[in-house]
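Here is what each chain is made of, one letter per residue.
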Amino acid sequence: MRAAALLALLALAGCATPPDRYDAFADTMRGYAGRLAAEAEVVPPPAWTPPPEPPRRGRRAEAPPPMPAPPMPAPDCSRPASAAERQGCTAAERTALLALTQAHARALSDYFATLRSLATRITGPAEQDAIRFTRQEVFGAGERLMENLRITEQELPPIRAVQARVGLRPAFGAEMSEHGWRIRRQMELQAEALSRLEALRGPDAAAGLPRLRWGFAYLRSAFEALVMSDRDALPEIEQARQALAIRPPA
C-alpha cells in the first residue's frame, strides 16, 4: 500500500513538471511580440511650438503671436495623384496596419501564456476565466486586423481541426479540440499581416520585417507540433528563436 502511494505521488510530481515545449513556445511568442513592437515604421512629425512672445513695451497692447500654419490637407488615398501623395498614403496605411498587427501579436502572446497554465498545471475557475478572456482578446484583435487587410474568412486557408492527443491535461486538450482551429487561423492572419507589411516597405526594406516573418513561420510550425511532443516542437521553437535573435531563458 505504501509503495503504491509513493508511486502515485511520484506520478503526480511528474505531471506537475512543466513540459519544455509549452514554456518555450510561450516565451518565444512573447519575444516575437516584443520584437514586433520595436519595429519602428514612421517617425511622427514634430509638434508645433509657438514662437516666443514679443517683448513688452510700456503699456502698449502686446501683439498676438502669429498663428501656426494650417495643416496640410490629407491626400486623397482613393486616387493619389502625385508621387508624394502615394508615398504619404503608403506610410499611413503601413502605420495603421503595424499598430493592428502589434495589438494582435500581444493578444496572441497573452493567450499562449495562459494556455501554458492549462497544459502544465491543474486548473480551476480562475484559469478557465483567463483563457476565455485572452481568447476573446485574440478574436477581437483579429477582427480589426482582418477589416484593415480587407480579407474574409473564406480567403484564409481551409479549416483544419487541431487533433489533441490522448494524455494531455483535460483543460488543454478541450481548449485545443474546441478552439485550436480558430487559433490556427489567427496565426495565419498574423502571417498575412506580416507579408502585407513587408510588401508596403518595398524592395529596399531593412532586415527587420523579413526576420519577423521567418521567425513567425517557425512559430506557426511549432504550434502544429505543440500537442505532440517536445521532440517535435522544440526544434521548431529553437529555429524561431534563432530567426528572431531571442536568447533562451536562463
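Remember, it's a predicted structure, so these values are computed and weren't measured experimentally.

## Description of the overall build of the chain
The number of helices and strands found in the chain is seven helices and zero strands. Listing every helix and strand of the chain by position from the N terminus yields α-α-α-α-α-α-α. Of all 250 residues assigned to the chain, the portion counted as buried reaches 36%. Residue pairs in contact within the chain that sit at least 24 positions apart in sequence constitute 78% of those at least 6 positions apart.

## Brief notes about the nonpolar core
In summary, soluble globular proteins display a tendency toward joint burial of nonpolar side chains. Judged by nonpolar contacts, the single largest core of 53 residues is most densely connected at Phe-25, Tyr-32, Phe-112, Phe-172, Phe-216 and Phe-223. Only α2 (20-37), α3 (83-120), α4 (125-149), α5 (170-201), α6 (208-225) and α7 (230-244) provide two or more residues apiece to this core. Ranked by the residues each element gives to this core, the list is headed by α5, at eleven residues.

## Let's talk about unusual backbone geometry
Within the chain, Arg-150 stands out as a residue other than glycine whose phi angle is a positive 60 degrees. Locating Arg-150 in the fold gives a position in the loop between α4 and α5. Overall, Arg-150 belongs to the exposed group, its relative accessible area being 69%. In this model, Ala-245 sits at a positive phi of 60 degrees, which is unusual for a non-glycine residue. If you trace the backbone, Ala-245 turns up in the segment after α7.

## With respect to the pattern of salt bridges
Across all of its chains, the model carries eleven salt bridges by this definition. Glu-198 is paired through a salt bridge with Arg-213; the nearest N and O atoms lie 2.5 Å apart. Remark: Arg-213 occurs in helix α6 and Glu-198 occurs in helix α5; sequence separation between them is 15 residues. On the basis of relative accessibility, which here comes to 29%, the residue Arg-213 falls in the partly exposed class. When salt bridges that share partners are traced, they join Asp-23, Asp-27, Arg-30 and Arg-116 into one network.

## Structural notes on α2
For α2, spanning 18 residues, the distance from its first C-alpha to its last is 26 Å, which sits close to the expected 26 Å at 1.5 Å a residue. Burial in α2 covers these residues: Arg-21, Tyr-22, Ala-24, Phe-25, Ala-26, Asp-27, Thr-28, Met-29, Gly-31, Tyr-32, Ala-33 and Leu-36. Packed against the buried residues of α2 are α3, α5, α6 and α7.

## Description of the packing of α2 against α3
One way to put it is that α2 packs onto α3 with a least axis distance of 9 Å and a crossing angle of 165 degrees. Here α2 lies roughly antiparallel to α3, going by the angle between them. Our pair here, α2 against α3, has a crossing hand that is left-handed. Contact residues: Tyr-22, Asp-23, Phe-25, Ala-26, Asp-27, Met-29, Arg-30, Tyr-32, Ala-33, Leu-36 and Ala-37 in α2; Leu-98, Thr-101, Gln-102, Ala-105, Arg-106, Leu-108, Ser-109, Phe-112, Ala-113, Arg-116, Ala-119 and Thr-120 in α3. A class-by-class count of the residues in the contact of α2 with α3 yields 14 nonpolar, four polar and five charged.

## Quick look at the packing of aromatic side chains
As enumerated under the stated definition, the model contains five aromatic pairs in all. Summarising the aromatic geometry, the rings of Phe-25 and Phe-112 are spaced 4.8 Å apart at their centres and angled 70 degrees between planes, so their arrangement reads as edge-to-face. Of this pair, Phe-25 sits in helix α2 while Phe-112 sits in helix α3; the two residues are 87 residues apart in sequence, bridging distant segments of the chain. Summarising the burial analysis for this pair, Phe-25 and Phe-112 share the class buried. Here a set of aromatic residues connected by ring pairs shows up, and it is made of Phe-25, Tyr-111, Phe-112 and Phe-223.

## What to know about the confidence of the model for the chain
With 72% of its residues at a pLDDT of at least 70, the chain reaches an overall mean of 79. Every residue in residues 1-17 is under pLDDT 50, and counting partners more than four places away or in other chains gives four contacts. Confidence drops under pLDDT 50 across residues 41-51; counting only partners more than four residues distant or on other chains, this segment forms ten contacts.

## Points about the environment of Leu-115
By the element assignment, Leu-115 lies in helix α3. Take Leu-115: its relative accessible area is 2%, and that puts it in the buried class. In this structure, the C-alpha to C-alpha distance between Leu-115 and Gln-128, residues 13 residues apart in sequence, is 9.7 Å. Excluding anything up to four places from it in sequence, Leu-115 contacts Ile-131, Phe-172, Glu-175 and Met-176.

Rules used throughout
- Within each chain, residue numbers correspond to sequence positions counted from 1 in written order.
- Per-residue local features are limited, in this predicted model, to residues with pLDDT of at least 70; the limit for side-chain atom pairs, both in listing and counting, is 80 or more; totals at the level of whole chains, interfaces and linings are taken over all residues.
- To get the side-chain values, all heavy atoms of the structure are used, and hydrogens and water are removed first.
- In DSSP terms, a helix is any run of H or I states spanning at least four residues, a strand is any run of E spanning at least two, and both are numbered starting from the N terminus.
- Only protein chains enter the accessibility calculation, which uses a 1.4 Å probe. A residue is then buried if its area is under 20% of the maximum for its type, exposed if over 50%, and partly exposed in between.
- Whether two residues touch is decided by their heavy atoms; if any such pair falls within 4.5 Å, the residues are in contact.
- The term nonpolar core refers to a set of buried residues drawn from Ala, Val, Leu, Ile, Met, Phe, Trp, Tyr and Cys, joined through side-chain atoms within 4.5 Å.
- Definition used for salt bridges: Asp or Glu carboxyl oxygen within 4 Å of a side-chain nitrogen of Lys or Arg.
- Multiplying 1.5 Å by the residue count of a helix minus one yields the expected span of that helix.
- Lines fitted to the C-alpha atoms define the axes, with helices restricted to the stretch that makes contact. Angles between their N-to-C directions range from 0 to 180 degrees.
- Angle categories are assigned with fixed cut-offs, so that under 35 degrees is roughly parallel, over 145 is roughly antiparallel, 65 to 115 is roughly perpendicular, and the rest are oblique.
- Here is the rule for handedness: rotate from the far helix to the near one, and if that takes an anticlockwise turn smaller than a right angle the crossing is left-handed, while a clockwise turn gives right-handed.
- The classification used treats Ala, Val, Leu, Ile, Met, Phe, Trp, Tyr, Cys and Pro as nonpolar, Asp, Glu, Lys and Arg as charged, and all other residues, Gly among them, as polar.
- Any Phe, Tyr or Trp ring, taking Trp's six-membered ring, that has another such ring centre within 6.5 Å forms a pair; planes under 30 degrees apart are called stacked, those over 60 apart edge-to-face, and the others tilted.
- Confidence of the predictor at the level of single residues is captured by pLDDT, which takes values from 0 to 100.

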